[in-house]
Amino acid sequence: MIADRIKALREANGNSQAELARKLGVTRSSVNAWELGISVPSTQCIVELSALFDVSTDYLLKADQTATIGVQGLSEDDIHVVYTLIHHLRSKNKQSQ
């Protein structure tokens, strides 16, 4: 749900609702309403949230667990480590189920 994702991303980035609102040019009460699921951000705000938190708009909008991880700035070796870690975690989670 978009409400949960906005809140989690905001908190993970150490922003208050007021700080996020200021960055997006909206009111704090708008951010609060998004996080409570009372309203949803405009298309423009979704695009801005995506850029601000470095996630895809699909991640914000979709209910499934698919996420995009930006690898810009990482070396090929670093990218390999990330993929290896993801594979390891998937295997570990399958075994524990």
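Small disclaimer: the values here were computed from a predicted structure and weren't measured. (Residues numbered from 1 in each chain as written. Predicted model: local features only at pLDDT ≥ 70, side-chain atom pairs only at ≥ 80, totals over all residues. Heavy atoms only, no water.)

1. Some remarks on the packing of helix H2 (residues 17-24) against helix H4 (residues 43-53)
Between H2 and H4, whose axes approach to 11 Å, the crossing angle comes to 115 degrees. The orientation of H2 with respect to H4, classified from their angle, is roughly perpendicular. Between H2 and H4 lies a crossing of right-handed hand. Here H2 contributes Leu 20, Lys 23 and Leu 24 to the contact with H4, which in turn contributes Glu 48, Leu 49, Leu 52 and Phe 53. (Axes fitted to C-alpha atoms, helices over the stretch in contact; angles between N-to-C directions. Helix = DSSP H or I, 4+ residues; strand = E, 2+ residues; numbered from the N terminus. Parallel < 35°, antiparallel > 145°, perpendicular 65-115°, else oblique. Left-handed = near helix turned anticlockwise from the far one by under 90°. Contact = heavy atoms within 4.5 Å.)

2. Some remarks on the environment of His 87
Positionally, His 87 belongs in helix H6 (residues 76-96). Take His 87: its relative accessible area is 55%, and that puts it in the exposed class. Separated by 31 residues in the primary sequence, His 87 and Ser 56 have C-alpha atoms spaced 21 Å apart. (Buried < 20%, exposed > 50% of the residue type's maximum accessible area, 1.4 Å probe, protein only.)

3. Quick word on the nonpolar core
Judged by nonpolar contacts, the single largest core of 14 residues is most densely connected at Ile 6, Leu 20, Trp 34, Leu 49, Phe 53 and Leu 60. Listed by contribution, the elements that provide at least two residues to this core are helix H1 (2-12), H2, helix H3 (28-36) and H4. If near-sequence neighbours (up to four positions away) are discounted, Phe 53 is found in contact with Leu 9, Arg 10, Asn 13, Asn 15 and Leu 20. (Core = buried A, V, L, I, M, F, W, Y, C linked by side-chain atoms within 4.5 Å.)

4. Considering the packing of H1 against H3
Two elements in contact, H1 and H3, have axes whose closest approach is 6 Å; the angle formed by their N-to-C orientations is 125 degrees. Between H1 and H3, the crossing angle belongs to the class labelled oblique. Taking contact as the criterion, the partners of Ala 3, Ile 6, Lys 7 and Arg 10 in H1 are, on H3, Val 31, Trp 34 and Glu 35. The class makeup of the residues in the contact of H1 with H3 is 4 nonpolar, no polar and 3 charged. (Nonpolar A, V, L, I, M, F, W, Y, C, P; charged D, E, K, R; others polar.)

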